[in-house]
Amino acid sequence: MSWLPQQGETVVAPSLLAADFSNLKQELQKLAEAGADIFHLDIMDGHFVPNITMGPFIIKAIRKSTDLFLDAHLMISRPDLYIDRFIDSGVDAITVHVECDCQIDAVLKQIRSHGKQAGISLKPGTAIEEIIPYLSEVDLVLVMSVEPGFGGQSFDRSAVDKIAELHRLRSENDWNYVISVDGGINADTGNDCVKAGADILISGSWLINSDNMPERMSKLASLK
Ligand code: DX5
Ligand code: ZN
């Protein structure tokens, strides 16, 4: 299945933050065999968020190990300075935060000029109005349902209303973005998000740190 949601299907994107990096290749294989559609890569710079994860160097290794679609979620203050390096690392989509310290429309253009998908994300405390000016030019909207920075946090319900609003705005304006949600996703919270209009569910700890990962993957994928 492609990263673009088909009618009536939910795309599942495991967040690799929860994966075992000492066994990365096998982890990617297991997740792909279980039905993952996308790999969600959480990039943190220790400045935009109080945590540091991976950069283009690690993504290159991930790219070598899988053919699946790679979405880089940039939780970094200055994405504009690093877009070219992330593109070179082999990602398919780059999502930037509206709260970052750069010109959003310019950075979205920069991503799209390389023929890659461009996404915009917003934190739980950021109002939807902040991203409205960019909605006509993005391929993806990433609604944060936890404060960015760490996996394993609990779901913030403000995300459900935002998803519903984004769904309404998309049909009213004939916009084309896909709606994804990130943070605290399990079968219950995922169900609420899909009902509200989410196309892509990103899940880290609940999905990956589980003895029955394939079953959980199918559960998320079957939500309608
Ligand atoms: C948080 C990240 C999320 C998160 C998902 O900053 O963007 O992708 O790690 O992990 P869970 O599903 O454990 O909340
Ligand atoms: Zn993320």
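Residues numbered from 1 in each chain as written. Chains lettered and ligands numbered in written order. Predicted model: local features only at pLDDT ≥ 70, side-chain atom pairs only at ≥ 80, totals over all residues. Heavy atoms only, no water.

Student: Sorry if this is basic, but what is going on with the sheet that holds strand β3 (residues 69–75) here?
Tutor: The strands making up a sheet associate through hydrogen bonds between their backbones, and the pairing can be parallel or antiparallel. The strand order across the open sheet built from eight strands is β1-β8-β7-β6-β5-β4-β3-β2, with neighbouring strands paired in parallel fashion. Unpaired on one side and paired on the other, β1 (11–14) and β2 (38–44) mark the two borders of the sheet. This sheet shows a mean twist of 25° between the axes of neighbouring strands, independent of strand direction. Pairing of strand β7 (residues 178–182) with strand β8 (residues 200–203) involves three bridges; the strand directions are parallel. Within the sheet, the bridge partner assigned to Asp 182 lies in β8 and is Ile 202. Running at roughly 175° to β7, helix α5 (residues 158–173) makes contact with β5 (117–122), β6 (140–144) and β7 of the sheet. Against the sheet, helix α8 (residues 213–221) contacts β1 and β8, and its axis sits at roughly 140° relative to β1. (Pairing = 2+ DSSP bridges. Helix = DSSP H or I, 4+ residues; strand = E, 2+ residues; numbered from the N terminus. Axes fitted to C-alpha atoms, helices over the stretch in contact; angles between N-to-C directions. Contact = heavy atoms within 4.5 Å.)

Student: Whenever I open this one, the packing of aromatic side chains confuses me. Can you help?
Tutor: Two aromatic rings are characterised by how far apart their centres lie and by the angle between their planes. The full count for this structure, using the stated rule, is one aromatic pair. Geometrically, the ring pair formed by Trp 175 and Tyr 177 is tilted, given 6.4 Å between the ring centres and 45° between the ring planes. Given a relative accessible area of 0%, Tyr 177 falls into the buried group. Positioned above the aromatic ring of Phe 48, the side-chain terminus of Lys 123 is 4.8 Å from the ring centre. (Phe/Tyr/Trp six-rings, centres within 6.5 Å; stacked < 30°, edge-to-face > 60°. Buried < 20%, exposed > 50% of the residue type's maximum accessible area, 1.4 Å probe, protein only. Lys NZ or Arg CZ within 6 Å of the ring centre and 35° of its normal.)

Student: I'm lost on the pattern of salt bridges in this one. Help?
Tutor: A side chain with one charge may pair with a side chain of the opposite charge, provided their charged atoms come close. Applying the stated criterion across every chain, the model contains eight salt bridges. Note that Glu 172 and Arg 168 form a salt bridge whose closest N and O atoms lie 2.4 Å from each other. Placement of the pair is Glu 172 and Arg 168 together in helix α5, with a separation of four residues, close to one helical turn. The exposure class assigned to Arg 168 is partly exposed, which follows from its relative accessible area of 37%. Put simply, Glu 165, Arg 168 and Glu 172 are held in one network by salt bridges that share partners. (Salt bridge = Lys/Arg side-chain N within 4 Å of Asp/Glu carboxyl O.)

Student: Explanation requested: the site of ligand 1 in the structure shown.
Tutor: Residues in close proximity to ligand 1 total 19 residues, the closest being Asp 42, Gly 149, Asp 182, Gly 204 and Ser 205. At a separation of 2.8 Å, an oxygen atom of ligand 1 approaches a polar side-chain atom of Asp 42. One of the backbone N or O atoms of Gly 152 is found 2.8 Å from an oxygen atom in ligand 1. When the free accessible area of ligand 1 is taken as 380 Å², the share hidden by the protein chains comes to 99%. When residues of the shell around ligand 1 are traced back to their parent elements, those giving at least two are β2 and β3. Element by element, the count of residues in the shell around ligand 1 is highest for β2, at three residues. Looking at the shell around ligand 1 residue by residue, the classes come out as six nonpolar, 11 polar and two charged. (Near = heavy atom within 4 Å. Polar contact = N/O pair within 3.5 Å; in protein donor to acceptor, adjacent residues only side chain to side chain. Areas by Shrake-Rupley, 256 points an atom, 1.4 Å probe, with all protein chains shown as cover. Nonpolar A, V, L, I, M, F, W, Y, C, P; charged D, E, K, R; others polar.)

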